[in-house]
Amino acid sequence: EPEVTQTPSHQVTQMGQEVILRCVPISNHLYFYWYRQILGQKVEFLVSFYNNEISEKSEIFDDQFSVERPDGSNFTLKIRSTKLEDSAMYFCASSTGGRPEAFFGQGTRLTVV
Amino acid sequence: AQKITQTQPGMFVQEKEAVTLDCTYDTSDQSYGLFWYKQPSSGEMIFLIYQGSYDEQNATEGRYSLNFQKARKSANLVISASQLGDSAMYFCAFLQGMKTSYDKVIFGPGTSLSVIP
């Protein structure tokens, strides 16, 4: 069964460093998303991406964040200068657009020290 | 602004029994969708079931059914014949509008379900 794949599963980075979280969405899906979940808290929407551009973003998704689909299969989230409060589980998701449900990857746990 | 409430932070159920997880939402929209996702201890988010606000029938997917009461703004998840593998965190989520894209989805705080042998 096709699935969304995220790498790495866990990343530790120093405060102020740039990180890139990678995702391979399901191949025939058209909409791509990033969510985050701070430990013990609810899942928060960050950004959605369709037709090679951002379609929606939340107030969390500030200038430190960017997304890219560099090669038609990968979908990346970059955090330019990480802060301690960026520590969270980051989920990538994708959907067909024909049905509303999105399918999530297994997440990348980002720890900023 | 839309708001999702899950009033049960933790629930216990005996194996093979049915359990209902509560979800209420607050919206003035006429057109919206509701999801339930499961998050096991391994951390991944697993889609369970979807209900559109204009769907006349309650959604069902195997052992999962959604008890949708539009006038009461509730969308409770019913799990029949609980299994040990159902122990997980369960999130109710609200989709604004009926766009097929997954924008502006608001997740509730979650309910932790423990199935007792």
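How each quantity is defined
Residues numbered from 1 in each chain as written. Chains lettered and ligands numbered in written order. Predicted model: local features only at pLDDT ≥ 70, side-chain atom pairs only at ≥ 80, totals over all residues. Heavy atoms only, no water. Salt bridge = Lys/Arg side-chain N within 4 Å of Asp/Glu carboxyl O. Buried < 20%, exposed > 50% of the residue type's maximum accessible area, 1.4 Å probe, protein only. Contact = heavy atoms within 4.5 Å. Buried area = accessible area lost by both parts, 1.4 Å probe. Polar contact = N/O pair within 3.5 Å; in protein donor to acceptor, adjacent residues only side chain to side chain. Helix = DSSP H or I, 4+ residues; strand = E, 2+ residues; numbered from the N terminus. Nonpolar A, V, L, I, M, F, W, Y, C, P; charged D, E, K, R; others polar. Disulfide = S-S within 2.5 Å.

**Q** Can you help me understand the pattern of salt bridges in this one?
**A** One side chain can pair with another of opposite charge once the charged atoms of both are near each other. Residues and elements named next belong to chain A. By the definition in use, this model includes two salt bridges over all chains. Here Glu44 ties to Arg36 by a salt bridge, and the two come within 3.1 Å at their closest N and O atoms. Since its relative accessible area comes to 10%, Arg36 is described here as buried.

**Q** Mind showing me how you'd approach the interface of chain A and chain B here?
**A** How large an interface is tends to be reported as the accessible area lost when its parts come together. With 22 residues of chain A at the contact, the number on the chain B side is 20 residues. Across the chain A/chain B interface, buried area totals approximately 1700 Å², and carbon plus sulfur atoms make up 59% of it. If you look at where chain A meets chain B, you find zero salt bridges. Taken together, chain A and chain B are joined by two residue pairs in polar contact (both at pLDDT 80 or more). Counting only elements with at least two residues in the side of chain A that touches chain B, the list comes to strand 4 (31-37), strand 5 (43-50), strand 6 (53-57), strand 9 (88-95) and strand 10 (103-104) of chain A. Here the side of chain A that touches chain B gets four residues from one element, more than from any other, and that element is strand 4 of chain A. Its residues placed into classes, the side of chain A that touches chain B shows 11 nonpolar, seven polar and four charged.

**Q** What am I meant to see in the state of the cysteines here?
**A** Working definition: the covalent bond between the sulfur atoms of two cysteines is a disulfide. Under the definition given, this model contains two disulfides over all chains. Between the sulfur atoms of Cys23 of chain A and its disulfide mate Cys92 of chain A the distance is 1.9 Å. A torsion of -65° about the S-S bond marks the disulfide between Cys23 of chain A and Cys92 of chain A as left-handed. On the criterion of sequence distance, the pair formed by Cys23 of chain A in strand 3 (residues 19-24) and Cys92 of chain A in strand 9 is long-range, its members being 69 residues apart. Judged by relative accessible area, Cys23 of chain A falls into the buried class, the value being 0%. Disulfide pairing is shown between Cys23 of chain B and Cys92 of chain B; the S-S distance is 2.0 Å. Between Cys23 of chain B and Cys92 of chain B, the S-S dihedral sits near -65°, and the bridge is therefore left-handed. Placement of Cys23 of chain B in the loop between strand 3 (19-21) and strand 4 (24-26) and of Cys92 of chain B in strand 10 (residues 88-96) is noted, with a sequence separation of 69 residues between them. Each member of the pair, Cys23 of chain B as well as Cys92 of chain B, is classed as buried.

**Q** Can you walk me through unusual backbone geometry in this structure?
**A** In this model, Thr7 of chain A is joined to Pro8 of chain A through a cis peptide bond whose omega is -10°. Tracing the chain through its elements places Pro8 of chain A in the loop between strand 1 (5-7) and strand 2 (10-13). Here Asn52 of chain A, not a glycine, exhibits a phi torsion of approximately 65°, which is positive. Tracing the sequence through the fold places Asn52 of chain A in the loop between strand 5 and strand 6. A residue is classified by how much of its surface remains accessible, and Asn52 of chain A, at 59% relative accessible area, is exposed. A positive phi angle, close to 80°, is found at Lys16 of chain B, a residue other than glycine.

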